[in-house]
Amino acid sequence: KEEIETVQLQFEEMDGTKSKSKTKQQDGNYRTGKGTAVPADQALTLLKNGNERYVASKAPSATLQSRRKALSDDGQLPMAALLSCADSRCPVESIFDVAAGDVFVCRNAGNTIAQAEGSVVASMEYCMQNLQTQLLVVMGHTKCGAINGAVASIPAADAAEPKLDASVLENYLVALTPAAKQAKAELPSAPDGEVVERAIRINVQNTMSKILEVSGPLREMVQAGKIKVEGAIYDITTGQVEFIGGPPSVQAAVPAFVRTAKSDYVPGPKALATLKAGNASYASGQAPAATQKSRIQALASDGQLPMAAVLGCADSRCPVELMFNVAPGDIFVCRNAGNAIAKAEGNIVASMEYCMAHLKTKLLVVLGHTKCGALNGALASIPAADAAPKADASALEQYLVALTPAAKQAKAELPHAPDPEVAELAIRINVKNTMRSIVQISEPLRKQWQSGDLLIEGAIYDITTGRVEFIGGPEKTGIFEPTERPNFSSETNPCCQWC
């Protein structure tokens, strides 16, 4: 009887009402998978009531064996999902005086998805879609160490180059700096403590918006009114939770821009700045945002308008879209071993001409990378290049011989250096040679570049650090005369319809 009365009291306190007589044998005594979903507004009220009990220092009810068995047998049906801070001073279940089975909880330092953390977003999607939960709460707290660290990390975030040996924590704090920077901008003369408290609120708002930005399912559920998202701040001194409302607007959480053929073209310098910023994010360990269905559908229906064209290496360690942290539709990519047109490859040149002429792209990047196998092979092929042509040479052998001018020049500049050092110089020379070959072979691209309508940039991707170093464009030494043109005659090399 004592156990039954305890259960009855617990539910009366949780629901804020005088319930009908209940016993542990009756369904509904515990929140389990056999129950019914709790509407978001009701769940929010229950959390507020529970926090009031916590602040009033009311002793929580004991967790009975019958509750554990019911949850084990019947599964869970949590009334709310919470993303909170890992801080030991923020025990979520205690703060809201809830029992096992009542809330679904994710926690990390800073209660954030600043790096588009897949585990948190996936967990929330699972909870809302499979456990029928209708309330999602993002809860920050006063005196948050993670946000304090983010404020202190603003100089590192503003540094021209990311720190090469940065720890995961250092990169994580840098990813939190947008909230810190906004708070600093809003309170330029305030002491750091005040800036931190403002940043804590901004971070909660940013996290709510980010969740809806990266998760199509959650965004659609919010827009349909099926779930509610609320922000909250827990005061570690008083124990009170202040609910601050939802994200600024659901629409604001949706990426406002998808680059399609209906968009305006992007000037070369602006596109270059975007690639640099994206690579800084990638090198610091930030995960890319999820690709939304709406983006895919828009690109399919409206066509493409890439901001840049990139000729990169086929090497599997050089994922072009990832290293620049760009989305589908952002860049037009050609790749081959050695990022070269050493044999005046018509397919590469034609692809670039198409991109610039028909897709209005204003930036062309030739992207090499460290430890390039093709350039190492070219270095080893110098003797073959100097010998009489091999009658039965494979396509690869012929291609490597065609790459040897860069290898020979590097060898001449570093006659006594070890091969790895020569290869690294050859990689840079090859990028410059490729840019020069493009403007030699293609009259349309040459004219665009000379008029300033097209920006051509060389770059080297460091496969160890993840950083891309931009090394400038081809030298402007007057009008180039073609040395070798690809054969586009209909008899020997018919073009596809867009050439």
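These remarks concern the structure in this document. (Residues numbered from 1 in each chain as written. Predicted model: local features only at pLDDT ≥ 70, side-chain atom pairs only at ≥ 80, totals over all residues. Heavy atoms only, no water.)

### Observations regarding the overall build of the protein chain
Convention followed: Numbering goes from the N terminus for both helices and strands, where a helix is a DSSP run of H or I of at least four residues and a strand is a run of E of at least two. Note on definitions: a residue-residue contact is assigned when non-hydrogen atoms from the two residues lie within 4.5 Å. For every accessible area listed, the method is Shrake-Rupley and the probe measures 1.4 Å; residues are considered covered only by the protein chains on display.
A tally of regular secondary structure across the protein chain gives 22 helices and 10 strands. If you take every contact in the protein chain between residues at least 6 apart in sequence, the share linking residues at least 24 apart comes to 73%. Total accessible area computed for the protein chain in this model is approximately 23900 Å², and 52% of it derives from carbon and sulfur atoms.

### Here's the deal with unusual backbone geometry
Just so we agree on the cut-off: Burial classes follow relative accessibility: with a 1.4 Å probe on protein chains only, a residue under 20% of its type's maximum area counts as buried, one over 50% as exposed, and anything between as partly exposed.
A positive phi angle, close to 40°, is found at Asn111, a residue other than glycine. Counting through the fold element by element, Asn111 comes out in the loop between strand 2 (103–108) and helix 5 (118–130). Here Asn111 falls in the buried class, since its relative accessible area comes to 1%. Even without glycine at this site, Gln132 takes up a positive phi of about 65°. With respect to the helices and strands, the residue Gln132 is situated in the loop between helix 5 and strand 3 (135–141).

### Some details on helix 2 (residues 40–55)
Inclusion rule: How far a helix is expected to stretch is found by multiplying one less than its residue total by 1.5 Å.
For helix 2, spanning 16 residues, the distance from its first C-alpha to its last is 23 Å, which sits close to the expected 22 Å at 1.5 Å a residue. Of the residues trailing helix 2, Ser57 is marked for its positive phi of about 60°.

### Things to note about the pattern of salt bridges
What counts here: For salt bridges, the criterion is a side-chain nitrogen of Lys or Arg within 4 Å of an Asp or Glu carboxyl oxygen.
Per the counting criterion, the structure on display carries 19 salt bridges. The salt bridge partner of Arg89 is Asp87, with a shortest N-O separation of 2.7 Å. Given the relative accessible area of 40%, Arg89 is considered partly exposed. Judged by relative accessible area, which is 16%, Asp87 ranks as buried. Here Asp453 ties to Lys362 by a salt bridge, and the two come within 3.0 Å at their closest N and O atoms. On the criterion of sequence distance, the pair formed by Asp453 in the loop between helix 22 (443–451) and strand 9 (455–461) and Lys362 in the loop between helix 16 (346–358) and strand 8 (363–369) is long-range, its members being 91 residues apart. Judged by its relative accessible area of 34%, Asp453 is partly exposed. Since its relative accessible area comes to 12%, Lys362 is described here as buried.

### Topic: the sheet that holds strand 7 (residues 331–336)
For the record, the criterion: Think of it this way: DSSP has to see at least two bridges between two strands before they count as a pair. As a rule, the C-alpha atoms of each element are fitted with a line to give its axis, helices using only the stretch in contact, and angles between N-to-C directions run from 0 to 180 degrees.
Spatially, 5 strands are ordered 7-6-8-9-10 in an open sheet, and the strand pairing comes out mixed. At either margin of the open sheet sits one strand with a lone partner, and together these are strand 7 and strand 10 (468–472). Taken over all neighbouring pairs, the strand axes of this sheet differ in orientation by 25° on average, direction set aside. Pairing geometry for strand 9 and strand 10, over 4 bridges, is antiparallel. By the bridge assignment for strand 10, Ile460 is matched with Glu469.

### Side note on the sheet that holds strand 1 (residues 80–85)
Reading across from one edge, 2-1-3-4-5 is the order of the 5 strands in this open sheet, with mixed pairing throughout. The outermost strands of the open sheet, each flanked by one partner alone, are strand 2 and strand 5 (241–245). In this sheet, adjacent strand axes meet at a mean angle of 25° when their direction is disregarded. Where strand 1 meets strand 2, 6 bridges bridge the pair, whose relative direction is parallel. When the bridges of strand 2 are listed, Leu82 appears paired with Val105.

### Considerations on the environment of Arg295
Relative to the helices and strands, Arg295 is located in helix 14 (residues 293–302). Spatially, the C-alpha atoms of Arg295 and Val258 are 6.1 Å apart, while their sequence positions differ by 37 residues.

### Observations concerning the nonpolar core
Rules: As used here, the term nonpolar core means buried Ala, Val, Leu, Ile, Met, Phe, Trp, Tyr and Cys residues forming a set that is joined through side-chain atoms within 4.5 Å.
Counting 45 residues, the largest nonpolar core has Leu364 and Leu375 as its most contacted members. At 11 residues, the largest contribution of residues to this core is made by helix 21 (residues 419–441). Not counting the four nearest positions on each side in its chain, Leu375 is found in contact with Gly338, Ala406, Ala426, Ile427 and Asn430. Core analysis: the next-biggest nonpolar cluster, separate from the first, contains 43 residues, Leu176, Ile202, Leu212 and Val229 among them.

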